[in-house]
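Breakdown of the fold
Here's the letter readout for the chains.
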Amino acid sequence: MTTKVNNLQAQLAELQKKYEHKLQQEESAGDKVTIMELQTQLAQKTTLISDSKLKEQEFREQINNLEDRLKKYEKNVYATTVGTPYKGGNLYHTDVSLLGEPTEFEYLRKVLFEYMMGRETKTMAKVITTVLKFPDDQTQKILEREDARLMFTSPRSGIF
């Protein structure tokens, strides 16, 4: 679009030069018809330039709008809403923005890996319940289960 505007401006400048040249020639010849034609062409080109600049501005605004929407979409891709089922069929912690940042997701992934590898399972369970915003009663049940698991497993035997 910018190239078209530049081309039209160049044509406008050329027509203005022709107009000035013809005006000087016509003053001596006295022919008013060609001057009117040049003025008409000049007005048309000026209108085209104005229209092109307006369209260019509209396109720039549309591009900015689309870029903003894309950024907002990309930001929302990382956010997830979670509804944790709770006794009685009610949902607890619905519409909680979970993992709003990519770094939170990466952190949770690493914690889950450590938990699944059997390293510091009680500590990892505490971190997981905190990051995922478990309700207090569920957190307590999970930690009690981890305590019971640790009591039945000797420290040297590992998972297997």
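Residues numbered from 1 in each chain as written. Predicted model: local features only at pLDDT ≥ 70, side-chain atom pairs only at ≥ 80, totals over all residues. Heavy atoms only, no water.

1. What to know about the nonpolar core
- Within the largest apolar cluster, 6 residues are counted, these being Leu108, Val111, Met124, Val127, Ile128 and Val131.
- Those elements that provide at least two residues to this core are α3 (102–116) and α4 (121–131).
- In contact with Val111, not counting residues within four places along its chain, are Met124, Val127 and Ile128. (Core = buried A, V, L, I, M, F, W, Y, C linked by side-chain atoms within 4.5 Å. Buried < 20%, exposed > 50% of the residue type's maximum accessible area, 1.4 Å probe, protein only. Helix = DSSP H or I, 4+ residues; strand = E, 2+ residues; numbered from the N terminus. Contact = heavy atoms within 4.5 Å.)

2. Let's talk about the side chain of Glu56
- Inspection of the secondary structure puts Glu56 in helix α2 (residues 32–77).
- Setting aside its immediate chain neighbours within four residues, Glu56 contacts Met1, Thr2 and Val5.

3. As for the packing of α4 against helix α5 (residues 136–152)
- In the contact formed by α4 and α5, the axes pass within 10 Å of each other and the chain directions differ by 170°. Taken together, the axis directions place α4 and α5 in an arrangement best described as roughly antiparallel. Facing α4, whose interface residues are Thr121, Lys122, Ala125, Lys126 and Thr129, α5 presents Thr139, Ile142, Leu143, Glu146, Asp147 and Leu150.
- Tallied by class, the residues present in the contact of α4 with α5 amount to 4 nonpolar, 3 polar and 4 charged. (Axes fitted to C-alpha atoms, helices over the stretch in contact; angles between N-to-C directions. Parallel < 35°, antiparallel > 145°, perpendicular 65-115°, else oblique. Nonpolar A, V, L, I, M, F, W, Y, C, P; charged D, E, K, R; others polar.)

4. Looking at α3
- Its 15 residues place the ends of α3 21 Å apart at the C-alpha level, agreeing with the 21 Å of an ideal helix rising 1.5 Å per residue.
- Remark: Gly118 follows α3 within two positions and exhibits a positive phi of approximately 85°. (Expected span 1.5 Å × (residues − 1).)

5. Focus on the pattern of salt bridges
- Overall, the coordinates contain 6 salt bridges when judged by the stated rule.
- Across the pair Lys18 and Glu14 runs a salt bridge, and its minimum N-O distance is 3.6 Å. In this pair, Lys18 and Glu14 both sit in helix α1 (residues 2–29), 4 residues apart, roughly one turn of the helix.
- The class for Lys18 is partly exposed, based on a relative accessible area of 43%.
- As a salt-bridge pair, Arg109 and Glu106 come within 2.5 Å of each other at their nearest N and O atoms. Placement of the pair is Arg109 and Glu106 together in helix α3, with a separation of 3 residues, close to one helical turn. (Salt bridge = Lys/Arg side-chain N within 4 Å of Asp/Glu carboxyl O.)

6. With respect to a nonpolar patch on the surface
- Among the surface-exposed residues, Leu112, Phe113, Met116 and Met117 lie close enough to one another that they form a single nonpolar patch of about 400 Å² accessible area.
- Tracing the sequence through the fold places Phe113 in helix α3.
- On the basis of relative accessibility, which here comes to 43%, the residue Phe113 falls in the partly exposed class. (Patch = residues over 30% accessible without salt bridge, like charges linked within 9 Å, V, L, I, M, F, W, Y side chains within 5 Å. Areas by Shrake-Rupley, 256 points an atom, 1.4 Å probe, with all protein chains shown as cover.)

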